[in-house]
Each structure stands twice: as structure tokens, then as C-alpha cells.
Amino acid sequence: MHKNLEIIKKYEKQPKIIKNLYSENEIKKFINLYNELPITTHNKKQSVIKKRWLLNYSKELEELFCKRLKNEIGDFKMDNLKTDEGNEIYGLFQESYNPIGLHIDGGFNHEDQIYKQSLIPLTPVGSTVIFKNRFYGNSTNFTIDKEELKIKKLNYGQNIRSSDHIGMFGNKPFDEKIHSKYLAHEKIENLVGLEVELIYEWEIGSMLIFDRTNMHCSSSIIEGKKLGLTTFTKK
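Residues numbered from 1 in each chain as written. Predicted model: local features only at pLDDT ≥ 70, side-chain atom pairs only at ≥ 80, totals over all residues. Heavy atoms only, no water.

Here we look at helix α3 (residues 59-73)
And step 1. Counted at 1.5 Å a residue, the expected span for α3 with its 15 residues is 21 Å, and the 21 Å between its end C-alpha atoms agrees.
And step 2. Three or more residues of α3 are buried, namely L61, E62, L64, F65, C66, R68, L69 and I73.
And step 3. Once α3 ends, the next one or two residues include G74, with phi positive near 80°. (Helix = DSSP H or I, 4+ residues; strand = E, 2+ residues; numbered from the N terminus. Expected span 1.5 Å × (residues − 1). Buried < 20%, exposed > 50% of the residue type's maximum accessible area, 1.4 Å probe, protein only.)

Here you go:
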């Protein structure tokens, strides 16, 4: 549980979508940056390739991104994992072939005052489901899978596995129509008590901003693969 809960809650707002924030040429620059970066993780089980946005690969994009994000959320500090050499990174590119399950990106230090996270789609097909439900712990994958819950030995930067969300928000069954259309990759029993706040349909040039306490996941809508850039901030 985060220590600065009252301050964290004070800054919470509804998710927002900023349309036409990036031009076609700027999106191409992000994709070129992704292609230049070394692979950080290739998780074959989840079918996802992750690349850290390392500093000084593109000073132009660093300045552009920070300026536009500040215009939307005000002052912030980046809150990212560090490289093995201890250097901070700007964000995480994820090339996904399968949808990512229910989780929060609360960080790995409960003393931090976590703030907002952003998502920039770099491919046109995909969607992200944001729930009204919030969780105030460190980065966590929510699951009822017994084998997943057995995983206790985590590497640096890996999310805790937990089923603590079950019963936390009541026992109302999840909406079957939404589950069938967007969340077929998730067991509906894992979504008990959850209520959707926003389904962000990916659109090139737009950006999604939401609180790091919002539970969320990918939708099951993928055509081959999807690529996006996620960043995390704190105060």
C-alpha cells in the first residue's frame, strides 16, 4: 500500500484521450526509435517484446514528448525502471501479439507519490480497457490462476501476482456483452465486481492519459500484433 494515499487520491481524475496530438511524421519518428532500440525483454510465454526508451537515443523526441505531456498533466517526474548501469529510461515500448491481462502499474516503491501514465498507439488496431476500480499497491498482475499465484520469486521490474481484488469491489458479475466483445482472453470470474470506465479505441496520433491507480488491461482485439509506447510519472 502506498504511503501518500491522500495526496495520490487528490490528483486522481477520469481518464482522458487527446486526439491529433502527434502528426504522422512524428509517429514515424517514434517507430524508427523503436526499431533502433535494443530488445529488453522477449517474453515468449506472453508473446510480447519490450524495449526501454533509453535516454539520448532521440533528444528531439524526449523534448517533444515531455513538453506535450506537461501541457496535459502539469509538472511531473518520470518514474521508470533503470538500466543495469543505473540510467533512467523514458518509457517502455511493447510489441504485443497477445492481449495483456488485468493489472495496475503502481510502481515498485510504495513511498513514491505515483501520478499519471500515458499510452501512445503506434499501430492503428487495438483497444485498452480502463476500469473505474482502483488499487493502491505496487505494480500487480491480478489473476485467479493458481499456478500464477504460486510465483513468488520475481526478477527486478516484475509485477506481483495477486487475487486480492476478488471480493474487494463486491460480487456483481461482470458484464457478459463487454466480456465477449473486448475481454475474451480474461476469465470472467477474474473480473467480478469490476466496472468499465473507458474503452480506448486505438487511433494513430492520439494519446491516452489515466491514473496509475486505475486497474486496466488490453482488449482481446489484435490483428497480428500491436505496438504502443507507455510512460509512467510521479510527483
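The discussion continues.
Remarks on the pairing of strand β14 (residues 226-234)
And step 1. Taking burial as the measure, the 9 residues of β14 include 8 buried ones, the bulk of the element.
And step 2. Examined bridge by bridge, strand β4 (residues 77-78) and β14 share 2 bridges and lie antiparallel to one another. Along β14, the bridge assignment pairs M78 with T233.
And step 3. As paired strands, strand β5 (residues 89-96) and β14 are joined by 5 bridges and run antiparallel to one another. Paired with F93 across the two strands is L229, which belongs to β14.
And step 4. In the sheet, strand β7 (residues 114-121) pairs with β14 via 6 bridges, with the strands oriented antiparallel. If you follow L119 over to β14, its bridge partner there is T230. (Pairing = 2+ DSSP bridges.)

Looking at the pattern of salt bridges
And step 1. For the structure on display, the rule yields 17 salt bridges.
And step 2. Between E203 and K19 there is a salt bridge, and its shortest N-O distance comes to 2.7 Å. Pair noted here: E203 is in the loop between β11 (196-201) and β12 (207-211) and K19 is in the loop between β1 (16-18) and α2 (24-36), with a separation of 184 residues, a long-range link.
And step 3. A salt bridge links K59 to E62; its shortest N-O distance comes to 3.5 Å. With K59 and E62 both in helix α3, this residue pair falls 3 residues apart, about one helical turn. (Salt bridge = Lys/Arg side-chain N within 4 Å of Asp/Glu carboxyl O.)

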